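Each chain is listed here by its residues.
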Amino acid sequence: MNSPTSKNSAPPNAGSSNLSQLWQALVAEADQIALGGGNEAIARQHKKGRLTARERIAKLLDPGAELLEFGQWSAWNMYAEYGGAPGAGVVCGVGLVAGRRHLIIANDATVKAGAFFPATAKKVLRAQRIAFQNRLPLIYLVDSAGVFLPLQEDVFPDEDDFGRIFRNNAVISAAGLGQTAAIMGNCVAGGGYLPVLCDKLLMTEGSGLYLAGPALVKSAIGQVVSSEELGGAQMHAQISGTIDYREPDDDACIKRLRSLAALGAADLPQPPAPFSRRAAQPAAVAGAEIYNLVGAARRDYEIRRVLECVVDRESFDEYKAEYGKTLVCGTARIGGFPVGIVANQHHSEKPAEGPIQFGGVIYVESAEKAARFVMNCNQDFLPLIFLQDVNGFMVGRDSEHAGIIKAGAKLVSAVSNSRVPKLTVLIGGSYGAGNYALCGKAFDPRLIYAWPSARCAVMGGEQAVNTLLDVTVAALERKGEKVDAEALAKIRDRVKADYEQATDPRHAAARGWVDRIIDPAATREELIAALEIVTRHAEPEAYRLGVFQV
């Protein structure tokens, strides 16, 4: 999908909540992000006789195929002092090329000449990881000026920076995953190692591949040399022997890429064992009904009704339905794929004994139930889907006495050691240790999605604002400043606005905590597409757990 839209989801009806309005606002903003550096930069790219990154991808994909794009919101509201970097200057996603799914990474030369910002490196590394975990061949469309020099110290040296990309090229190749690179513009300095470390290398006329460009060569050693003589396509085809195919232009290069991709076997119609897929049944309830079930502002709702919009009709078998009710666990099929589901219930529940338990909170019973369920799914090799709308774990004397930390640790251990693919969807809150226990980014979900209503932070907004307000006021008073009621109100408003921005799903996606922000009404279609990717490969190792506290 080229933008976070879905032709499979019905338009919101007049009775829809403002969750649909949130989504429509995101679609409009995503369309702007898709323009990269803007219309003038696109015109400059065309004047050079080159296509944009998105135009190249559209021609590379099979007719009618769409790109399942990851990281479109990367660098959102970041690097303002440098004019911004929409999409972090690179387009990444999975799409069909010659009948086979490929992970495609394309530099967007309309954004700072495709230079690598810190977020660019992080996005490319995430794309490589998705490819490696799911055994996807890669195609790189290279058109980059290299490291963005003003931020070089945050791009260049660390284990999760620019150099790690090239290390990954070597490791991915050694694992037998095909990598093809096409240089379709600039490929400068250390960035030159990426295409040369790939299995096959194409280059278009007018492109340049060199460790140092003509200006730097003149400055360093006094040698005057043209770009073409230094590192043009003809030189690398005839003299250095670095490239495998020299192509006259973008169109010819893309045609060659498709021809090479066709040499590989097309994707199998069925996933390999131990995964399976039966004929899909439609969901019991249309996806657009989610707009009426769940509001943009957090409120009570029945998660089982939401599941009726996502899973195949009459396929959900709930696990321990009468126990630990604030987490709903069960097996189901989604698009014919058998899966295990762990989802927060978001209305209060009365257990057989004890006080009412609040929706969105993980209690001892629900944590222990979910831990055992996760272990069962690993035994049966069922992909796990986590639907998060979690405030965190229950606190207080009674909860501590009951062993809430031990119960939470069991769930964290079961999730951490899972051998099956994990998919996570942030529906609403993703707060504190609840984010960890229900497979947040740190716990290796193969893919992680968010609704527009998602909020990711160490604690909920109201609690955080009160805490931050107290800290801010105390700091001012230590400086001898008097804080009256009017000043207090202004400080509260500022702190609240800052915190709300920091919990926005676009803020999370900008930093790579979320791969895609999705239309809630299209959650089913998104998960089916994800399952088609993550069931390509199963880790052969046995399911192992470490020490459990009892």
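Residues numbered from 1 in each chain as written. Predicted model: local features only at pLDDT ≥ 70, side-chain atom pairs only at ≥ 80, totals over all residues. Heavy atoms only, no water.

Colleague: Would you mind going over helix α5 (residues 162-174) in detail, with residue names and values included?
Modeller: Among the residues making up α5, those that are buried are F162, I165, F166, N168, N169 and I172. Viewed end-on, α5 has its buried residues packed into an arc of 155 degrees, placing them on one side of the element. Contacts made by the buried residues of α5 are with α4 (118-134), β4 (138-144), β5 (179-188) and α6 (193-196). Immediately downstream of α5, the backbone of G176 shows phi near 90 degrees, a positive value. (Buried < 20%, exposed > 50% of the residue type's maximum accessible area, 1.4 Å probe, protein only. Helix = DSSP H or I, 4+ residues; strand = E, 2+ residues; numbered from the N terminus. Arc of directions from axis to C-beta. Contact = heavy atoms within 4.5 Å.)

Colleague: Lay out the side chain of T52 with the relevant residues and their values.
Modeller: Tracing the backbone through its elements, the reader meets T52 in the loop between α2 (39-47) and α3 (53-60). T52 sits in the buried class, given a relative accessible area of 10%. Sequence-distant contacts of T52, defined by excluding residues within four places in its chain, comprise I42, Q45, H46 and T110.

Colleague: Pulling in residues and values, what's your account of helix α10 (residues 250-261)?
Modeller: With 12 residues, α10 ought to run about 16 Å at 1.5 Å a step, and its terminal C-alpha atoms sit 16 Å apart, in line with that. For α10, every residue scored as buried is listed here: D250, C253, I254, L257, L260 and A261. Viewed end-on, α10 has its buried residues packed into an arc of 120 degrees, placing them on one side of the element. A distance of 3.3 Å separates the backbone nitrogen of D251 from a side-chain oxygen at the start of α10, and that oxygen is part of D249. (Expected span 1.5 Å × (residues − 1). Polar contact = N/O pair within 3.5 Å; in protein donor to acceptor, adjacent residues only side chain to side chain.)

Colleague: Please provide a residue-by-residue account of the pattern of salt bridges, values included.
Modeller: Oppositely charged side chains can pair when the atoms bearing their charge come close. Across all of its chains, the model carries 22 salt bridges by this definition. Linking R506 and E29 is a salt bridge whose minimum nitrogen-to-oxygen distance equals 2.7 Å. With R506 in helix α19 (residues 505-510) and E29 in helix α1 (residues 19-33), this residue pair connects regions lying 477 residues apart in the sequence. Notably, a salt bridge pairs D267 with R536, separated by 3.1 Å at the nearest N-O pair. Taken together, the residues span a long stretch of sequence, with D267 in the loop between α10 and α11 (290-293) and R536 in the segment after α20 (523-534) at a distance of 269 residues. Given a relative accessible area of 21%, D267 falls into the partly exposed group. The network of salt bridges with common partners includes R101, D267, R277, E532 and R536. (Salt bridge = Lys/Arg side-chain N within 4 Å of Asp/Glu carboxyl O.)

Colleague: Requested: an account of the side chain of D519, with residues and values cited.
Modeller: Mapped onto the elements of the fold, D519 is located in the loop between β18 (516-517) and α20. Among buried Asp, Glu, Lys and Arg side chains, D519 stands out as unpaired, with R516 the closest opposite charge at 9.5 Å. (Lys, Arg positive; Asp, Glu negative; His and termini not counted.)

Colleague: So, the pairing of strand β11 (residues 337-344): which residues are in play, and what are the values?
Modeller: Taken across its eight residues, β11 has eight buried, putting it largely inside the fold. On β11, burial covers both faces: F337, V339, I341 and A343 on one face and P338, G340, V342 and N344 on the other are all buried. Strand direction decides the pairing type here: strand β10 (residues 327-334) and β11, joined by eight bridges, are antiparallel. Its bridge partner lying in β11, G330 is registered against I341. Where β10 folds back on β11, the antiparallel hairpin that results is connected by two residues, among which G335 adopts a positive phi of roughly 60 degrees. (Pairing = 2+ DSSP bridges.)

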